[in-house]
Amino acid sequence: MKITNYFAVVTGCIVTMALGQPALAEIEEVNLRLAHVVNENDGFHAAATKFQELVAERSDGKITVEVFPNATLGDERTLLEGMQIGTIDMGVITNGPVSNFLEDIAVFEMPFLFPSAEKAYEVLDGPIGQELLDRLAEVNLKGLAYAERGFRNLTNSERAINTPADLEGLKVRVMENPVYIDTFRELGANAIPMAWTEALTAMQQGTIDGQENPVGVVHSFQLNETQTNMTMTRHTYAPAIIVMSLSVWNDLSEEAQDIVTQVAQEAAEYERQLNADLESKQLEELRASGMTVIDDADLSAFSKAVAPVYDKYGQRFGDYLPRIQDALK
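Cut-offs used in this document
Each chain has its residues counted from 1, running along the sequence as written. In keeping with the model being predicted, local features are shown solely for residues with a pLDDT of at least 70 and side-chain atom pairs are shown and tallied solely at 80 or more, while totals for entire chains, interfaces and linings include all residues. Where side-chain values are given, they derive from all heavy atoms of the structure, hydrogens and water being excluded. Definition used for salt bridges: Asp or Glu carboxyl oxygen within 4 Å of a side-chain nitrogen of Lys or Arg. By definition, any uninterrupted DSSP run of H or I lasting at least four residues is a helix, any uninterrupted run of E lasting at least two residues is a strand, and each is numbered from the N terminus. Here's how the labels work: a residue is buried when its accessible area is under 20% of the maximum for its type, exposed when over 50%, partly exposed in between, all with a 1.4 Å probe on protein chains only. Each C-beta atom gives one direction from the helix axis, and the arc is the one those directions make.

Can you break down the pattern of salt bridges residue by residue, with the values?
If you walk through the whole model with that rule in mind, you get 17 salt bridges. Linking arginine 77 and glutamate 81 is a salt bridge whose minimum nitrogen-to-oxygen distance equals 3.3 Å. A residue pair is termed a helical-turn pair when its members lie 3 or 4 positions apart in one helix, as arginine 77 and glutamate 81 do in helix H4 (residues 76-85) at four residues. Note that arginine 135 and aspartate 104 form a salt bridge whose closest N and O atoms lie 2.7 Å from each other. Highlighted residues: arginine 135 in helix H7 (residues 127-135) and aspartate 104 in the loop between helix H5 (95-98) and helix H6 (117-124), separated in sequence by 31 residues. The exposure class of arginine 135 is partly exposed, given its relative accessible area of 21%. Judged by relative accessible area, aspartate 104 falls into the buried class, the value being 14%.

Here it is as C-alpha cells:
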C-alpha cells in the first residue's frame, strides 16, 4: 500500500510539472505598465486589454498589466525612449516611429509592398519578421509580436482623390518616418511629418488638409467630422509592435518571459482578426455619416508614382527588401 501511494505521489508530481504549475510558483509578482497613444475604441487598446487579460490568466495572477491609453504617458517616440531607459515597461507602438530607432524595420512599410494582409502576416510571423524583432535588442528594446495598424488609406477635407495629380499641393500629415515623407512627396502632396496627437489638433484647426491611416483609425477618432473624403489607396501596410523595455524583459524570469511572449502573439492575432471583422461595418458607418469613400481610384498610377521611393530606399535595408519580395512570390 505504501509503495502504491509512493508511485501515486510521484505520478502526481510529474503531471503537475507537465502542467507548469511549479513554474508558475517560481514567477515573482510584477506589474507592467503598457502604454499606447490611441483611444479605447482603437484596435491597439483591444490588443492591450487582451494581453492584460491573458497574461494574468496564464500567470495565475502573478503578472498584472496596467494599461495607459490616449498618449497619457507621451507620444510614441516618448514611449519608446522611456522603454529604452526603463521608465516605461511596454507598449503597442506603430511601426513607423519604431523605425526611427531601428531603420531596417521600415522595410515593411515600403509603398504597395504587400498585396494582402495574409501575405503580410506570413512575412511578419516568419523568419524575416522574427529577425527584425530580435534586432530591437540593439536599441535596448524587446520586440514581442506584430499587431497591426493595417492598410493605410488617404483622407482629406478638400476634394476627392482619384489619381496622384489630385494630391497636388494638399498638406497631408504623415508619420515621422522618411519612407512615408518621400512616398507622399512623390505623389505630389506637401507631406508634413508630425505626432498623431498634434495631427488631431491640426485637422480640427484646418492647418493640414489630410492624413493617412487605416479605416479603424478614421472611425475610432471620428475623422469624418473634419475629413470629408477617403480614398481606399491601401498604399502601405503598417505593422504595430508589441514592444517592451529590454531591461524590464531581462528582469523577468524565464517562465514569465515565456508567458509574455506567447500571450503577445495571441493578443496581436486577436487584434488583427478584430480589425478584419470590423472594417466593413466601420466603412458603412463612415459613409452613412456623409463621408465620401472612393474605392475605385487609379491605384496603378499611384504605384508607378512611388517607384523613386524604391530606387532611394531599396538599398538602405540591406537584403531585407529582396528577401521579402522573394517570400511574396
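An account of H6 is requested, with residue identities and associated values reported.
Among the residues of H6, Ala117, Ala120, Tyr121, Val123 and Leu124 are the ones counted as buried. Angularly, the buried residues of H6 cover 165° about the axis, an arc narrow enough to put them on a single face. Residues of H6 that are exposed and angled more than 90 degrees away from the buried face: Glu118 and Glu122.

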